[in-house]
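As a plain string of letters, each chain reads:
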There are 2 protein chains.
Amino acid sequence: MSQLTSIERLSLNQITTNQWSLQEAVEGCVRAELPWIALWRHKIAEIGLKESKRIIQNSGIQISSICRGGMFPQSTPKLRQEALDDNKRAVDEAAELGAEVLVLVCGPAAGKDIAEGRKMVEEGIQHLVPYAEERGVKLGIEPLHPMYAAERSVIVSLGEAVTLAQKFQPNQVGVVVDVFHVWWDHDLYNQIERAKGRILGFHVSDWIVPTPDMLMGRGMMGDGVIELRRIREAVEKTGYKGPIEVEIFNQEIWDTPGDEVLALMKERYLEHV
Amino acid sequence: MSQLTSIERLSLNQITTNQWSLQEAVEGCVRAELPWIALWRHKIAEIGLKESKRIIQNSGIQISSICRGGMFPQSTPKLRQEALDDNKRAVDEAAELGAEVLVLVCGPAAGKDIAEGRKMVEEGIQHLVPYAEERGVKLGIEPLHPMYAAERSVIVSLGEAVTLAQKFQPNQVGVVVDVFHVWWDHDLYNQIERAKGRILGFHVSDWIVPTPDMLMGRGMMGDGVIELRRIREAVEKTGYKGPIEVEIFNQEIWDTPGDEVLALMKERYLEHV
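Residues numbered from 1 in each chain as written. Chains lettered and ligands numbered in written order. Predicted model: local features only at pLDDT ≥ 70, side-chain atom pairs only at ≥ 80, totals over all residues. Heavy atoms only, no water.

## Quick look at the overall build of chain A
- Across its full length, chain A holds 11 helices and 10 strands.
- Against the compact-globule benchmark of 19 Å for 273 residues, chain A has a radius of gyration of 17 Å, which places it among compact chains.
- Here the contacts in chain A between residues at least 6 apart in sequence split such that 81% fall between residues at least 24 apart.
- Averaging the positions of the 30 positive and the 40 negative side-chain charges in chain A gives two centres separated by 5 Å. (Helix = DSSP H or I, 4+ residues; strand = E, 2+ residues; numbered from the N terminus. Rg over C-alpha atoms; globule rule 2.2 N^0.38 Å. Contact = heavy atoms within 4.5 Å. Lys, Arg positive; Asp, Glu negative; His and termini not counted. Charge placed at Lys NZ, Arg CZ, Asp CG, Glu CD.)

And the structure:
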């Protein structure tokens, strides 16, 4: 297996340094010479879209994705419309910032019927696609780990994400492969192959043993059991050569000075990804 | 969908009343007029196999399964042999107690290579099958939730469990369907259909929102989001009419007097399963 020799594809997913504001994160990336960043909408909202755009443009850093749209299943038509409107705003933000990809965390079912939830996700994407396409923004369906099926997304395997994406054109909808969410899947490598031409993003972190927490338990690359390099190479074999985001929800990392996090991240990226 | 009208198939998986010894659990079942119980080996070990057998035989209660064999992947041939020896003891216990099914929790990979872990599981089962068959004990592969892939089992979807079981004869190896572990699967109903003739057990509990804990966060039926009746009917459609075990890891339930747990369990079983 071949090692990465530079950080030219490395992207800081901003949630990894949740302790930082958008401006601090961008400045941190500049200091660390990271070429990419993924922005979260609540961080954009803190200072406004215009100021966020100014900061990004002045930095020369490229945006790998905007997190996140989605949350399509809702219990009433009114709430579904509100969710769709919010997704349109997310598309607007991505377009304004020059981000090619809006990551979709599709949302849990509105009730107990998970099949119905999946149907609402498909309908939501259907409604959003023309709006996003006009603005040059691709929608990246990120299948989440099945342990989030009841609270964050009914799309919990790469296979179903690919099947859903394939109902649209490749320039409209694709998938985001996050190792933390998909590493357990016995059919992972077949599904990555199926995703050929549809992969819009690749996220890395690690699965720590024992897992300290369902949400905040992700680890730095190399601290867990995920075969990062094997998965990265499978993703590249499909033709994906885009940015590789480090996305880690972990209180300990959030309590660490951001510059230290970025330094460790770079080191572990070259060593383990 | 049709409601269950009696508790003739209801089984107490002993872990649900972990506060009770084997004897207390059996006495509790007698008081509650539960016809079935699933025994855990560490509870059998506390009083010995002979005494356990005596208690069970005197009670007239039937055993739905013994929990558990498995943990096949190990880092050295010696450790794999030890695991196999322990599985043989588990088979012996099941045979001695007159239990038809030994539940397999297959074990995590010995290192990072999850495919290698799955191979070791298959080899382990291969070695165990003749021994179990001679003693009239069937091996029930229980796919666990993917969140346990790193710590408890590399077999984390019903699909792969069925594929694995099909490498053996139906009287040798089957699968155990536990709603908590499989409810999230977009392909669940197809996989249940594929499992026709191989289902050796059906376990119920619920998925609570928000989920309080990865291990101890299971809920009583009706307290969560799982479509219990829909899954139960799909399982029955394959021809499975055997016991339905209630298996709940939950500290709050473990802190509740066992008789109360059994009363609630019966009520919820009729109402929700």
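Let's pick the thread back up.
## So, the interface of chain A and chain B
- Facing the 28 residues of chain A at the interface are 28 residues of chain B.
- Carbon and sulfur atoms supply 63% of the area buried between chain A and chain B, which totals about 2500 Å² over both sides.
- Looking at the side of chain A facing chain B, the largest losses of area belong to Lys112(A), Trp184(A) and His186(A), adding up to 24% of the total buried there.
- Where chain A touches chain B, the interface holds 0 salt bridges.
- The tally of links between chain A and chain B comes to 6 residue pairs in polar contact (both at pLDDT 80 or more).
- For the side of chain A that touches chain B, the element with the highest residue contribution is helix H5 (residues 114-134) of chain A, accounting for 3 residues.
- Residue classes in the side of chain A that touches chain B are distributed as 15 nonpolar, 5 polar and 8 charged. (Buried area = accessible area lost by both parts, 1.4 Å probe. Salt bridge = Lys/Arg side-chain N within 4 Å of Asp/Glu carboxyl O. Polar contact = N/O pair within 3.5 Å; in protein donor to acceptor, adjacent residues only side chain to side chain. Nonpolar A, V, L, I, M, F, W, Y, C, P; charged D, E, K, R; others polar.)

## So, the nonpolar core
- Ranked by size, the top nonpolar core spans 178 residues in total, and within it Ile125(A) and Ile125(B) carry the most contacts.
- If we skip the residues at most four places from it in the chain, Ile125(A) touches Phe72(A), Leu104(A), Leu139(A), Ile141(A), Leu164(A), Phe168(A) and Val173(A). (Core = buried A, V, L, I, M, F, W, Y, C linked by side-chain atoms within 4.5 Å. Buried < 20%, exposed > 50% of the residue type's maximum accessible area, 1.4 Å probe, protein only.)

## Notes on the packing of aromatic side chains
- Scanning the model with the defined rule gives 9 aromatic pairs over all chains in all.
- On the basis of an interplanar angle of 45° and a centroid distance of 6.2 Å, the ring pair of Phe249(A) and Trp254(A) is categorised as tilted.
- Aromatic side chains Trp183(B) and Trp207(B) sit 5.8 Å apart centroid to centroid with 50° between the ring planes, which places their arrangement in the tilted category. With Trp183(B) in the loop between helix H7 (179-182) and helix H8 (188-194) and Trp207(B) in strand S8 (residues 206-207), this residue pair connects regions lying 24 residues apart in the sequence. Accessibility assignment for this pair places Trp183(B) and Trp207(B) in one class, buried.
- Among the aromatic residues, those joined into a ring-pair cluster are Trp40(A), Phe249(A) and Trp254(A).
- Above the face of the Tyr189(A) ring, Arg230(A) is positioned so that its terminal group lies 4.2 Å from the ring centre.
- Positioned over the ring face of Tyr131(B) is Arg135(B), at 3.5 Å from the centre of the ring. (Phe/Tyr/Trp six-rings, centres within 6.5 Å; stacked < 30°, edge-to-face > 60°. Lys NZ or Arg CZ within 6 Å of the ring centre and 35° of its normal.)

## Here's the deal with the relation of the copies chain A and chain B
- When chain A is fitted to chain B, the residual RMSD is 0.0 Å, and the transformation amounts to a turn of 180° plus an axial shift of 0.0 Å. In the structure described here, the two chain copies are related by an operation that fits a two-fold rotation axis.
- Taken together, the interface assignments show that 100% of the residues at the interface of chain A recur at the interface of chain B, consistent with an identical surface on both copies. (Least-squares fit on C-alpha atoms with pLDDT ≥ 70 in both.)

## Observations regarding the side chain of Ser52(B)
Residues and elements named next belong to chain B.
- If you trace the backbone, Ser52 turns up in helix H3 (residues 49-59).
- Residue Ser52 is classed as buried on the basis of its relative accessible area, which comes to 0%.
- When sequence neighbours within four positions are dropped, the list of residues in contact with Ser52 reads Leu22, Ile44, Ile47 and Leu97.

## Description of the pattern of salt bridges
- As enumerated under the stated definition, the model contains 36 salt bridges over all chains in all.
- Note that Arg118(B) and Glu160(B) form a salt bridge whose closest N and O atoms lie 3.0 Å from each other. With Arg118(B) in helix H5 (residues 114-134) and Glu160(B) in helix H6 (residues 158-165), this residue pair connects regions lying 42 residues apart in the sequence.
- A residue is classified by how much of its surface remains accessible, and Glu160(B), at 7% relative accessible area, is buried.
- With a closest N to O distance of 3.1 Å, Arg232(B) and Glu236(B) form a salt bridge. Linking Arg232(B) with Glu236(B), this pair stays in helix H9 (residues 228-237), spanning 4 residues, or about one helical turn. Exposure class is identical for Arg232(B) and Glu236(B). Each is buried.
- Salt bridges here are not isolated pairs; linked through shared partners, they connect Arg41(A), Asp86(A), Arg89(A) and Glu93(A).

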